[in-house]
Amino acid sequence: MSTVTEIKNAIEALTPEERAEVERMLREPPKPAASPQKLPDQASRRRRIFGDKVLPNLVLEARESESA
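Throughout this description, residue numbers start from 1 for each chain and increase along the sequence as written. Note on the predicted model: pLDDT of at least 70 is required for a residue's local features to be given, and 80 or more for side-chain atom pairs to be given and counted; whole-chain, interface and lining totals, by contrast, use all residues. Computation of side-chain values: all heavy atoms of the structure, hydrogens and water removed.

A few points about helix α3 (residues 42–50)
To be explicit about the condition: Counted as a polar contact is a pair of N or O atoms within 3.5 Å, where, for protein atoms, one must be capable of donating a hydrogen and the other of accepting one, and residues adjacent in sequence contribute only when both atoms are in side chains. Under the DSSP-based scheme used, a helix requires at least four consecutive residues in state H or I and a strand at least two consecutive residues in state E, with every element numbered from the N terminus.
Two or three places before A43, at the opening of α3, D41 has a side-chain oxygen 3.4 Å from that residue's backbone nitrogen. Phi turns positive one or two residues past the end of α3, at G51, with a value near 75°.

Comments concerning the pattern of salt bridges
Cut-off, in case you're wondering: Whenever a carboxyl oxygen of Asp or Glu lies within 4 Å of a side-chain nitrogen of Lys or Arg, that contact is scored as a salt bridge. In this scheme, a residue with accessible area under 20% of its type's maximum is buried, one over 50% is exposed, and one in between is partly exposed, where area comes from a 1.4 Å probe on protein chains only.
All told, the structure shown has 3 salt bridges when counted by the stated rule. Here E21 ties to R24 by a salt bridge, and the two come within 2.5 Å at their closest N and O atoms. Linking E21 with R24, this pair stays in helix α2 (residues 16–27), spanning 3 residues, or about one helical turn. Judged by its relative accessible area of 37%, E21 falls in the partly exposed class. Judged by relative accessible area, which is 38%, R24 ranks as partly exposed. Here R24 and E28 are joined by a salt bridge, their closest N and O atoms 2.5 Å apart.

Structure, rendered in structure tokens:
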């Protein structure tokens with residue numbers, strides 16, 4: 001449906017209950033999107049598990065071994 005006439009004809013073809021539902025949806029203000037979930041603090045989790053230990057970057061080490 002791309003024209004106003006097609007939309008109007010489709011709405012007129014609805015049952016009274018369906019038409020009332022469409023009217024209710026059009027009058028109702030849009031609901032705000034759900035707030036995003038708070039992501040876990042991975043840095044604090046890592047510190048809790050490993051302390052202040054510095055972990056090697058395994059990706060960089062693998063790239064160095066592949067290029068050598």
